[in-house]
Amino acid sequence: MILGHFLVISLALNAGFLYRDYCKGKHHYQEFFSFKNECKNASLTLLETSPPPFSSSSSSSKAFDGIINLDHGDPTMYERYWQEMGDKTTVVINGWQFISYFSDVRKVCWFLEPEFANSIIRLHKLVGNAITEDRYIVVGTGSTQLFQAVLYAVSPPNASEPISVVSAAPFYSSYPLITDFLKSGLHKWAGDAYTFNKDEPYIELVTSPNNPDGFPRQAVVNQNQGILIHDFAYYWPQYIPISSPADHDIMLFTVSKSTGHAGTRIGWALVKDKEIAKKMTEFIVLSTIGVSKDSQIRAAKILQVVSDSHQYKGNFKEGKAFFEDSYDHMARRWKQLRDAVNVSKLFSLPDFTSGTCTFSGRTFGSQPAFAWLKCEGEIDDCESFLHGHEILTRGGKHFGGSEKYVRISMLPRDETFDQFIERLSSISSS
């Protein structure tokens, strides 16, 4: 019965976007997993009969007949760079390769491919954003599965009450949904870390830089009974100046936002404690019996090319080194957005303190993967206001914040982003 519940997660995650579109109508995106009661049984039917809400083709940038969808963080911005790389990331896998469940039975995470582990260590050492020495690497099907695995690993198994899970608002909108999805009895969502004052064990999620507002974060509760999980999905030099290598007990990363390969569904955790790494591995074994080796080999090749593009620039006539190109792209987009906000006068954006990046040597302010946009004046529901202009965003209430805010993805294809900037600039106080 328990195994059955775990296996349902994968289907629910993949079906979430499809049946949410169906239930909300007009393709109006809301919470990642939310749907109306009458649609709760529709997921399987929709998977079989519904076309995808958007195409992966670059020719379909004007999705939904004029509706600009910036609700989710689909990182298609990176397609252009990888197209320019040609066959440098091509991987050929023969039919006889990777048949076994096992990769290295001597390792705690025995389904972790050595090639992928080595590429992770190499990239972190190059960028200088995380300590890898004396850490156990656990691979997962995206950082979402790793988050679930960590909750399972650190929650007391025999406690009389589920352990509280908190994060400082505004927090990632899927944290509450994922935490309570299985109703396991091991853990429960307890809301904003700023308001948590119970004298009891707790788990605090620290996302830095933060999703949705882009600011660097530290733990808020700071009590002796706390367990900290650090989500560093966006701690890469195209988004924020790297100040020092992160050095925490549990650190989560993903290829989705580091290189843009969300469809590969690969993330990794750097874990100090061997027993926690073992329990995380146990969760992944129970839920998916490991992680796709094909995806790991592809991700390993991608990370290797990223590192090579910086360490062997002379061999890369196709374009710039990866993080240089990505930095320039994010800088251009944030300038466009700030210019559009200044023209409209109806909105505002966070101001970020500049810092010097130890990786690139540049001094710059953060340019996050999401923009935390505020509607000024008498506009109380920013999500609905922008929806009226056919711009789909995710409202602040889903992040534990005010409805005057929305989160906007900064990572769509160039055509979509440019169309968004043009439309936002045209919205005036009149």
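Procedures and definitions
Residues numbered from 1 in each chain as written. Predicted model: local features only at pLDDT ≥ 70, side-chain atom pairs only at ≥ 80, totals over all residues. Heavy atoms only, no water. UniProt positions renumbered as here; feature names shortened; annotations may be inferred. Helix = DSSP H or I, 4+ residues; strand = E, 2+ residues; numbered from the N terminus. Buried < 20%, exposed > 50% of the residue type's maximum accessible area, 1.4 Å probe, protein only. Contact = heavy atoms within 4.5 Å. Areas by Shrake-Rupley, 256 points an atom, 1.4 Å probe, with all protein chains shown as cover. Polar contact = N/O pair within 3.5 Å; in protein donor to acceptor, adjacent residues only side chain to side chain. pLDDT = per-residue confidence, 0-100. Pairing = 2+ DSSP bridges. Axes fitted to C-alpha atoms, helices over the stretch in contact; angles between N-to-C directions. Disulfide = S-S within 2.5 Å. Expected span 1.5 Å × (residues − 1).

As recorded in an unreviewed UniProt entry, the chain goes by Tryptophan aminotransferase-related protein 2 and comes from Abeliophyllum distichum. The Cofactor (unreviewed entry) comment attached to the chain in UniProt states, word for word, "pyridoxal 5'-phosphate". The UniProt entry for the chain carries this comment under Sequence similarities (unreviewed entry): "Belongs to the alliinase family."

Draft legend 1. Examining the overall build of the chain more closely. Of regular secondary structure, the chain possesses twelve helices and 15 strands. Across the 430 residues in the chain, those meeting the buried criterion constitute 54%. In the chain, the share of contacts with a sequence separation of at least 24, taken over all contacts with a separation of at least 6, comes to 73%. Carbon and sulfur atoms form 50% of the exposed surface of the chain, whose accessible area is close to 19200 Å².

Draft legend 2. Up close: the side chain of Thr-254. Within the secondary structure, Thr-254 sits in strand 7 (residues 250-254). Here the side chain of Thr-254 touches Ser-256 through a polar contact of 3.0 Å, landing on its backbone nitrogen. Here Ile-266 takes part through its backbone oxygen, which lies 3.4 Å from a polar atom of the side chain of Thr-254. Residues within four places of Thr-254 in sequence aside, it is in contact with Ser-143, Ala-233, Ile-266, Gly-267 and Trp-268.

Draft legend 3. Structural view of the confidence of the model for the chain. For the chain, the average pLDDT comes to 87, and 84% of its residues sit at 70 or higher. The low-confidence segment residues 1-64, where pLDDT is below 50, has 95 contacts with residues more than four positions distant or belonging to other chains.

Draft legend 4. Up close: the sheet that holds strand 9 (residues 347-348). The strand order 9-12-15-14 describes an open sheet built from four strands, whose pairing is antiparallel. Edge positions in the sheet fall to strand 9 and strand 14 (394-395), since each has one partner strand and no second. Judged from the five bridges that link them, strand 12 (residues 370-375) and strand 15 (residues 405-409) form a sheet pairing that is antiparallel. If you follow Trp-372 over to strand 15, its bridge partner there is Arg-407. Packing against the sheet, helix 10 (residues 322-344) makes contact with strand 9 and strand 12, and its axis sits at approximately 5° to strand 12.

Draft legend 5. Representation of the state of the cysteines. With the rule as written, the count across this model stands at one disulfide. Paired by a disulfide, Cys-375 and Cys-382 hold their sulfur atoms 2.0 Å apart. Negative torsions about the S-S bond denote left-handed disulfides, and the value of about 60° found for Cys-375 with Cys-382 makes this one right-handed.

Draft legend 6. Geometry of the sheet that holds strand 6 (residues 226-231). Overall, mixed pairing links the seven strands, which are arranged 2-8-7-6-5-3-4 in an open sheet. Of all strands in the sheet, those with a lone pairing partner are strand 2 (136-140) and strand 4 (187-192), marking the two edges. Within the sheet, the average angular offset between the axes of one strand and its neighbour, ignoring direction, is 25°. The sheet contact formed by strand 3 (residues 163-167) and strand 4 spans five bridges and is parallel. Note that in strand 4 the partner of Val-166 across the bridge is Gly-191. On top of the sheet, helix 8 (residues 274-288) reaches strand 2, strand 7 and strand 8 (267-271); it is set at about 15° to strand 2, its chief contact.

Draft legend 7. Layout of helix 4 (residues 114-127). Spanning 14 residues, helix 4 covers 20 Å between terminal C-alpha atoms, matching the ideal 20 Å at 1.5 Å per step. Residues Phe-116, Ala-117, Ser-119, Ile-120, Leu-123, His-124, Leu-126 and Val-127 constitute the buried set of helix 4. Packed against the buried residues of helix 4 are strand 2, strand 7, strand 8, helix 9 (293-311) and helix 10. Just beyond helix 4, the residue with positive phi is Gly-128, at close to 75°.

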